[in-house]
Every structure is written in C-alpha cells, then in structure tokens.
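Chain by chain, the residues:
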Amino acid sequence: MTSLKFRNNDEMPILGLGTFRSEPNEVYNAVLLAIKIGYRHIDCAAAYGNEKEVGKAIAEAVKQGLVTREDLWVTSKLWNAFHGEENVIPALNQTLKDLQLNYLDLYLIHWPVALKKGTEMPEKASDFIPLSEVPLTNTWKGMEATLKQGLARHIGVSNFNENQLKEIMATAVHQPEMNQVEMHPFLQQEELKAFCVQNDILLTAYAPLGSLVDENTTLRLLENDRIKSIANARNMSPAQVALAYTIQRGVAVIPKSINEARLLQNLETLNHTLTEEDMALLKDLDKGHRFIDGKFWEVENGPYTADSIWNN
Ligand code: A2P
C-alpha cells in the first residue's frame, strides 16, 4: 500500500515527512532533500514555527523542476489560538503565505484545546478558553469554509478522541476526513481506529518512531528486542519495522528526520512487507504508552487535563 484514498478518490501518499522539531535552519535542507529522493507528502503546522522555511524548500523544488505543486500533498494545522469560526480562514491564509502556496491538500484542527489569541504555549489558566465558550462545532464551521473557498482540499482534526469526533460529526455539513494522532507499536489505538474506520475517517500516525523527545525515557521503541529481532530477520532497520507495522494497519506515517540516510531509510520502508506472523508479534507490544502525553495542557485551575483530552 502506498497511498490512502479519500472519499472523493484523492490519494495521499501513505508515508510523509514530519517537520515537528525540525529547526528552521535544518528544515529547508531536509524538505528539499526529501523531495529530491522521492517524498511527496509533507506534514506541517503553524505551531512548528518553520513553515516559512518549508515553503522556501517547496518553492525551490518546484523551481528546480523536481516536482510540480500538484505532485505534492501538503498538510498543515490550525493552531489552538485560532479556534472559532471567524479565525480559521485568517490563520490558514497566514500558513499559505508562509508556505508560498495557494491551497493545502489537508487542513487539520491541531488540538481540541483553545487558547487566547497571542498565546504560543500556555502558562496559566487565563491563557486558555474552555471549549464551552468556543465549541469545536463552531471551529469546524470555519474549517468547512476553507473548502468552499478552495483554500483546502480536505479537512480533518488531530488529537481528537471518539467523543470529540462525534461532537463535530453531529452537526457537520462536511464530515471530518482525517484524524492525526500519536500511533506506533507501543500505542496502537485499536478502539479509536475502529471508530474511525467505521466512520470513513482516515488516520495518520504522528511520532510513528516513538518520537525521541524524552532523552531519559527507558521505553525506547527502536531498542525494543522484538522489533530488533524482526528487523534482523527481515533485513530491515528497527525504524522500518515500526513504520511498516503502522502502514500495514492502513494508517499513514509521518516520520521526522533531518538526516539524509534516515530520510532514505524511512522512505525505503515502502519496499518491505512484514509477514502476518510479524504483525501478530508486533500487535502484542501495545502498552497504551504516549510519548506526547498532553500534560503540557495542564496548569493550575486550568480548563484542560490530559485525561479530559484523551478520554472524555
Ligand atoms: P533525525 O532527525 O536526526 O533523523 P518521530 O517521527 O517518531 O517523532 O521520530 C523522530 C525522531 O527519530 C527524530 O529524533 C529523528 O532524528 C529520529 N529518526 C528519524 N528516522 C530515524 C531512523 N530511521 N532511525 C532512527 N532514528 C530516526
């Protein structure tokens, strides 16, 4: 499988390049190199603070004749400080300006968390807006407007649980088409995945390599013995085993790398297939473990807790 099909038959390459935590000075080279070696799907977000550099790299790739705009699938995300119907199009226009594009292939609500205008990362309760004041259904109307104006070809969400999806689905004119969530062999999200499949919502896995965010964590996905032994047996790297597992579950992956050898290695996952036996062994690794735990939305007396985001 090399792509995921949307309801209108548009196809998104199943493996894309993640750009979270790619520094502005590194991301230009990573994106240009990625496109050179065959990546056609780039995952961005206003919050990553590097869309201008990503845009420069895309423009350069087009200028060099490596690709046309239409060859690429570009996703971006609405930052939390722009929830509310009237804020969506202005936020998307800024992203389009930064990326030097006139449309996105996919636009997602980044989190079911609303912040006051001007807040990058919240520090105190008054930096937040509770969802009772700015309902997800209201922000979704703004997302639908981006389709009407031809600024986005598809719309969806990120970090939404089943209840939050149901809430917007109840009044949506255009149903959400994608949910981008953390997913890898240690966090397989079986129930959420089943709900999405049932409702024709595609999934993209972020942190598909178990994100190396926490240097001190003892739970290292790519150092797991079972993953390493399958990698040895199949002549793959542990990263390729992790990516192939998620891809073979029908979920898109967006591994981040700024390193040429690893960019190539990740893309070459598409040349490998795990056996049913490998898949069964990997299924057993699920620990419900989040590397991106959402605790950064918890402040004293604040309206959000990690538990309310993931489970309510
Ligand atoms: P680097 O950018 O130096 O390659 P995730 O996408 O799960 O958040 O993981 C990204 C992290 O994994 C980055 O630190 C990235 O580092 C590293 N990484 C990316 N590809 C590979 C790979 N094939 N093998 C090992 N580490 C990788």
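Residues numbered from 1 in each chain as written. Predicted model: local features only at pLDDT ≥ 70, side-chain atom pairs only at ≥ 80, totals over all residues. Heavy atoms only, no water.

For the protein, an unreviewed UniProt entry supplies the name Aldehyde oxidoreductase and the organism Cyclobacterium amurskyense. Entered under Sequence similarities (unreviewed entry) in the UniProt record, the comment concerning the protein runs "Belongs to the aldo/keto reductase family." (UniProt positions renumbered as here; feature names shortened; annotations may be inferred.)

Attention now moves to the packing of aromatic side chains. Inspection of the entire model under this criterion finds 8 aromatic pairs. Among the aromatic side chains, those forming a connected cluster through ring pairs are W79, W111, F296, W297 and W310. R69 extends its terminal NZ or CZ atom over the ring of Y103, reaching a point 3.9 Å from the ring centre. (Phe/Tyr/Trp six-rings, centres within 6.5 Å; stacked < 30°, edge-to-face > 60°. Lys NZ or Arg CZ within 6 Å of the ring centre and 35° of its normal.)

Looking now at the UniProt feature "active site" (unreviewed entry) in the protein. The sites that carry the UniProt feature "active site" (unreviewed entry) are, in the present numbering, Y48. Its place among the elements puts Y48 in the loop between β4 (41-43) and α2 (51-63). Sequence-distant contacts of Y48, that is, excluding residues within four places in its chain, are made with T19, F20, D43, K77 and H110. (Helix = DSSP H or I, 4+ residues; strand = E, 2+ residues; numbered from the N terminus. Contact = heavy atoms within 4.5 Å.)

So, on to unusual backbone geometry. Positive phi outside glycine occurs at N235, with the angle close to 60 degrees. The topology assignment puts N235 in the loop between α7 (225-234) and α8 (238-248). When its relative accessible area of 68% is taken as the criterion, N235 is described as exposed. Phi is positive for N301, which is not a glycine, with a value near 60 degrees. Here N301 shows up in the loop between α10 (276-283) and α11 (306-311). (Buried < 20%, exposed > 50% of the residue type's maximum accessible area, 1.4 Å probe, protein only.)

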